[in-house]
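If you want the building blocks of each chain, they are given just below.
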Amino acid sequence: MKFNLFVSLCSLFIVGCSTSKGTGPSASAATFDQTYGYDQKNPIKVGGFENGPANERDYLNSLTGPNGEPVTYNRTGSCCQFKTSKSPYGMGMLDKYRVTYEGKKDTVVLYINMYDKATLRAPTGFLMK
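Residues numbered from 1 in each chain as written. Predicted model: local features only at pLDDT ≥ 70, side-chain atom pairs only at ≥ 80, totals over all residues. Heavy atoms only, no water.

S.K.: I would appreciate a short explanation of the overall build of the chain in the present structure.
M.R.: Regarding its fold elements, the chain presents 3 helices and 6 strands. Mapped from its N terminus to its C terminus, the chain presents α and β elements in the order α-α-β-α-β-β-β-β-β. Per element, the accessible surface of the chain, about 8,400 Å² overall, is 57% carbon and sulfur. (Helix = DSSP H or I, 4+ residues; strand = E, 2+ residues; numbered from the N terminus. Areas by Shrake-Rupley, 256 points an atom, 1.4 Å probe, with all protein chains shown as cover.)

Here it is in structure tokens:
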């Protein structure tokens, strides 16, 4: 009897964890990594040194608030030197952006790496168009 209860609870847990929270492509583009983009050790990697600033803007323009709100942003500078083979200098710097949307109580700082490339996702609190 206890075994059947255990199997039933495990089955419910697995099914509950595998269901999507939300619908559409925006929900699937979200990340559950709380540090993604918010921590300089886990920046958003938009790739493409030659088109780096344009790639950064394209990425930021693809973000929305959780209910589709348009995002506003401004670049506040660079920081956080790191090694990369994607730069002609062997080193890169992260770009820092202040990002918000209407109705958001605060402005967040996102770190973007324009040199290296990885699968793009939305940071926690945002969705992608």
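Structure's up, so let's keep going.
S.K.: Just to check I follow, could you spell out the sheet that holds strand S5 (residues 108–113) for this structure?
M.R.: Sheet strands pair via backbone hydrogen bonds, and the direction of the pair is either parallel or antiparallel. Reading across the sheet, the 4 strands line up as S1-S5-S4-S3 and stay open at both edges, with mixed pairing between neighbours. What marks the edges here is a single partner per strand, and that holds for strand S1 (44–45) and strand S3 (71–83). Bridge count for S1 against S5 is 2 bridges, and the pairing is parallel. Across the sheet, the residue bridging to Lys 45 is Asn 113, located in S5. (Pairing = 2+ DSSP bridges.)

S.K.: How should I be thinking about the pattern of salt bridges in this particular structure?
M.R.: Once their charged atoms are close, side chains differing in charge can pair, the charge on each being opposite to the other. Within the structure shown, the criterion is met by 2 salt bridges. One salt bridge in this structure joins Arg 75 and Asp 95, with 3.0 Å as the shortest N-O distance. Residue Arg 75 is found in strand S3, and its partner Asp 95 is found in strand S4 (residues 91–101); the two are separated by 20 residues along the sequence. You can call Arg 75 partly exposed: its relative accessible area is 46%. Given a relative accessible area of 6%, Asp 95 falls into the buried group. With its nearest N and O atoms 3.0 Å apart, the salt bridge here joins Lys 104 to Asp 106. The class for Asp 106 is partly exposed, based on a relative accessible area of 41%. (Salt bridge = Lys/Arg side-chain N within 4 Å of Asp/Glu carboxyl O. Buried < 20%, exposed > 50% of the residue type's maximum accessible area, 1.4 Å probe, protein only.)

S.K.: Can you help me understand the side chain of Thr 64 in this one?
M.R.: Inspection of the secondary structure assignment puts Thr 64 in strand S2 (residues 63–64). Thr 64 sits in the buried class, given a relative accessible area of 8%. Each residue touching Thr 64, except ones within four places of it in the same chain, is listed here: Glu 69, Val 71, Phe 126, Leu 127 and Lys 129. (Contact = heavy atoms within 4.5 Å.)

S.K.: Would you mind showing me how to read the nonpolar core here?
M.R.: Buried together is how nonpolar side chains tend to be arranged in soluble globular proteins. Ranked by size, the top nonpolar core spans 22 residues in total, and within it Tyr 59, Leu 60, Leu 63, Val 99 and Phe 126 carry the most contacts. In this view, Phe 126 contacts Tyr 38, Leu 63, Thr 64, Val 71, Val 99, Tyr 101, Lys 104 and Val 108; residues no more than four positions away in its chain are not counted. (Core = buried A, V, L, I, M, F, W, Y, C linked by side-chain atoms within 4.5 Å.)

S.K.: Could you clarify how one ought to interpret the packing of aromatic side chains in this entry?
M.R.: Evaluated as defined, the whole model comprises 4 aromatic pairs. Here Phe 49 and Tyr 115 contribute two aromatic rings whose centre-to-centre distance is 5.5 Å and whose plane-to-plane angle is 15°, an arrangement assigned as stacked. Here Phe 49, found in the loop between S1 and helix H3 (52–62), pairs with Tyr 115, found in the loop between S5 and strand S6 (127–128); they are 66 residues apart in sequence, far enough to count as distant. Residue classification places Phe 49 among the partly exposed positions, given a relative accessible area of 26%. Under the relative-accessibility criterion, Tyr 115 is labelled buried at 11%. Here Tyr 101 and Phe 126 contribute two aromatic rings whose centre-to-centre distance is 5.7 Å and whose plane-to-plane angle is 85°, an arrangement assigned as edge-to-face. Of the two residues, Tyr 101 sits in strand S4 while Phe 126 sits in the loop between S5 and S6, which places them 25 residues apart along the sequence. For Tyr 101, a relative accessible area of 13% gives the class buried. Joined through ring pairs, the aromatic side chains of Phe 49, Phe 82 and Tyr 115 make up one cluster. (Phe/Tyr/Trp six-rings, centres within 6.5 Å; stacked < 30°, edge-to-face > 60°.)

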